[in-house]
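Residue-level structural notes
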Amino acid sequence: METNLTPGLAELLGNAEKATSKAADLTRQLLTFAKGGVPVLKTVSLEGIVRDTTEFALRGSNVKPVISFADDLRAVSADEGQISQVINNLVINANQAMPDGGTLRIHCRNYTIETRCALPLSAGDYVTITVADQGGGITPEHLSKIFDPFFTTKKTGNGLGLASSYSIIRKHHGHIEVESELGIGTTFTVYLPATLKETEQSEEVDSTIPRGSGRILVLDDEGTIRIITEKTLSKLGYEVVTSEDGWAAIELYRDAQQAGNPFAAVILDLTIPGGMGGRDVIGFLRKMNPEVKAIVASGYSNDPVLAEYREYGFSGMIVKPYTARTLGETLHNVLVRTKVSV
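Residues numbered from 1 in each chain as written. Predicted model: local features only at pLDDT ≥ 70, side-chain atom pairs only at ≥ 80, totals over all residues. Heavy atoms only, no water.

Topic: the side chain of Thr54
Put simply, the test is: The helix and strand labels rest on DSSP assignments: H or I over at least four residues marks a helix, E over at least two residues marks a strand, and numbering proceeds from the N terminus. A 1.4 Å probe rolled over the protein chains alone gives each residue an accessible area, and that area as a share of the maximum for its type sets the label: buried under 20%, exposed over 50%, partly exposed in between. Pairs of residues are marked as contacts when any of their non-hydrogen atoms sit within 4.5 Å.
Positionally, Thr54 belongs in helix H2 (residues 46-57). Here Thr54 falls in the buried class, since its relative accessible area comes to 0%. Residues within four places of Thr54 in sequence aside, it is in contact with Pro65, Ile67, Ile87, Val91 and Ile106.

Quick word on the packing of aromatic side chains
Stated precisely, the cut-off is as follows: Classification of ring pairs uses Phe, Tyr and Trp, with its six-membered ring standing for Trp, and accepts pairs whose centres are within 6.5 Å; under 30 degrees between planes counts as stacked, over 60 as edge-to-face, and the remaining range as tilted. Our definition puts a charge over a ring when NZ of Lys or CZ of Arg is within 6 Å of the ring centre and also within 35 degrees of the ring normal.
Within the structure shown, the criterion is met by three aromatic pairs. Between Tyr111 and Tyr191 the ring centres are 5.5 Å apart and the planes differ by 70°, which places this aromatic pair in the edge-to-face class. Here Tyr191 lies in strand S7 (residues 185-195) and Tyr111 lies in strand S4 (residues 102-113), a separation of 80 residues in the sequence. The exposure class of Tyr111 is partly exposed, given its relative accessible area of 25%. Here Tyr191 falls in the buried class, since its relative accessible area comes to 6%. Ring geometry for Trp247 and Phe284: centres 5.2 Å apart, planes at 65°, overall edge-to-face. Of this pair, Trp247 sits in helix H7 (residues 246-258) while Phe284 sits in helix H8 (residues 278-288), and the two are 37 residues apart along the sequence. For Phe284, a relative accessible area of 32% corresponds to the partly exposed category. Here the basic side chain of Arg215 rests over the ring of Phe263, its NZ or CZ set 4.4 Å away from the ring centre.

Side note on the nonpolar core
Applied cut-off: To qualify as a nonpolar core, a set must consist of buried Ala, Val, Leu, Ile, Met, Phe, Trp, Tyr and Cys residues joined through side-chain atoms within 4.5 Å.
Counting 38 residues, the largest nonpolar core has Leu104 and Ile129 as its most contacted members. For this core, the element with the most residues is helix H3 (residues 80-97), which contributes six residues. If we ignore the near neighbours within four places in the chain, the residues touching Leu104 are Leu58, Val63, Lys64, Pro65, Val66, Val91, Ala94, Met98, Val131, Ala132 and Asp133. Counting residues in each nonpolar core, the second largest holds 23 residues, with Val241, Tyr253, Ala294 and Val305 among its members.

Here we look at empty space enclosed by the protein
Heads up, the rule is: A pocket, in this scheme, is an open set of points on a 1 Å grid over the protein atoms alone with protein on both sides within 12 Å along at least 5 of 7 lines, while a cavity is a set where a 1.4 Å probe fits but cannot get out; residues line either one if an atom lies within 4 Å of a point. Grid points are joined across faces, edges and corners, and a volume is the space filled by probe spheres set on the points. For this classification, the nonpolar set comprises Ala, Val, Leu, Ile, Met, Phe, Trp, Tyr, Cys and Pro, the charged set comprises Asp, Glu, Lys and Arg, and every other residue, Gly included, is treated as polar.
Summed over all chains, the structure comprises one cavity of 30 Å³ or more. In this structure, the largest cavity occupies an estimated 30 Å³ of space. Around the largest cavity, the lining residues are Val218, Leu219, Asp220, Ile225, Thr229, Ile267, Asp269, Ala297 and Tyr322. Listing elements by their share of the lining of the largest cavity, those giving two or more residues are strand S8 (215-219), helix H6 (223-235) and strand S10 (265-269). A per-class count over the lining of the largest cavity returns six nonpolar, one polar and two charged.

What about the pattern of salt bridges?
Side chains that differ in charge, positive against negative, can pair when their charged atoms come close. What counts, and what does not: Any carboxyl oxygen of Asp or Glu that lies within 4 Å of a side-chain nitrogen of Lys or Arg is treated as forming a salt bridge with it.
Counted according to the given criterion, the structure contains six salt bridges. The partner of Arg325 in a salt bridge is Glu329, with the nearest N and O atoms 3.2 Å apart. A residue pair is termed a helical-turn pair when its members lie 3 or 4 positions apart in one helix, as Arg325 and Glu329 do in helix H10 (residues 324-337) at four residues.

Remarks on the confidence of the model for the protein
Threshold: The predictor attaches a confidence to each residue, called pLDDT, with possible values from 0 through 100.
Per-residue confidence for the protein averages 82 on the pLDDT scale, and 80% of its residues sit at or above 70. Here residues 17-36 is modelled with pLDDT under 50, and outside its nearest four sequence neighbours on either side it reaches 29 contacts, counting other chains as well.

Concerning H8
Let me state the cut-off plainly: Arc definition: it is the arc formed by the directions from the helix axis to the C-beta atoms.
Burial in H8 covers these residues: Gly278, Val281, Ile282 and Leu285. Projected onto a plane normal to the axis of H8, the buried residues spread over an arc of 100° and lie on a single side.

Re the sheet that holds strand S9 (residues 239-243)
Strand pairs in the sheet, formed through backbone hydrogen bonds, run parallel or antiparallel to each other. Going by this rule: Any two strands between which DSSP finds at least two bridges are classified as paired. Here the axes come from fitting lines to C-alpha atoms, over the contacting stretch only for helices, and the angles between their N-to-C directions go from 0 to 180 degrees.
Spatially, the five strands line up as an open sheet ordered S9-S8-S10-S11-S12, and their pairing is parallel. Both edges of this open sheet fall to S9 and strand S12 (316-319), since each of them pairs with a single strand only. Across the sheet, the mean angle from the axis of one strand to that of its neighbour is 20°, orientation sign disregarded. Sheet strands in contact with H6 are S8, S9 and S10, and its direction is about 170° off that of S9. Sitting on the sheet, H7 touches S8, S9 and S10, and the angle it makes with S8 is about 165°.

Examining the pairing of strand S5 (residues 124-132)
Inspection of the sheet shows S4 paired to S5 by nine bridges, in the antiparallel sense. By the bridge assignment, Tyr111 is partnered in S5 with Tyr126. Both S5 and S7 contribute to a ladder of seven bridges, which runs antiparallel. Residue Val127 lies in a different strand from S7, and its bridge partner there is Leu192.

Structure, rendered in structure tokens:
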């Protein structure tokens, strides 16, 4: 962007950029609500999903999470990414309800529904996730509309977070309900069908996946992808720093260099709706370090940047959604090929 703009024009362009970013976020949530996608079910434990998503969503917040799980907590049959999105929405909602800080209590336990029950669920075994904040509460007239699309009482909200969460849980044959008391707080309870199947082992514990060391910078606008990538690479031995914004990623890279603790490699999402994506970010990084080890990531396998990634300054490429194996092997190959110790 030109730096010799008049203050008035710069302000107009800044406002336009913010509006574009909000529109991109709204589009993503609309697609989730309208389509949602059939859940890709597998047997999973909620402990890791709930803990990792909550800690990530509350980074930099003055809200303290208190998370507990029943000792005999059952596994569930669920789409890990979609359930993480639901937890993320509920935690962000609670965080916004406590602008002055407070305690967010999350508890997971087993729950059995008998034949006669007021809940719109079949009889059987379930696992519940209770998310309780200490905010100001929700008025009765608003409470009845809390899951309606586009309904929000927040100036910066779009009313799709809870609506999309409701849609996701219904597609899991579960249920989500809310209780609130003014001046006391709000509690959301999610019901998910339990299963007796054993939890499926994740690829990330596979000892044949190449391990390594060093600091890795990950740029991606999707919170769930950042969480999964950070978790995967951490288990493979790397120290991971994530960013959802291109400019912020550039600053993180510059600061690390100046501090004498540079990143061994970077993984850059090619497209950041409403922001700077990997194709532009790599240009700035190469000016700071012509030998930067960068991997371009995209969900569009036919993008020319993936086919000719070296011509764009990247050392490797990976197509999303990627597995722990492809992520680990791609990063390992880039570092080894370029003679960076792992």
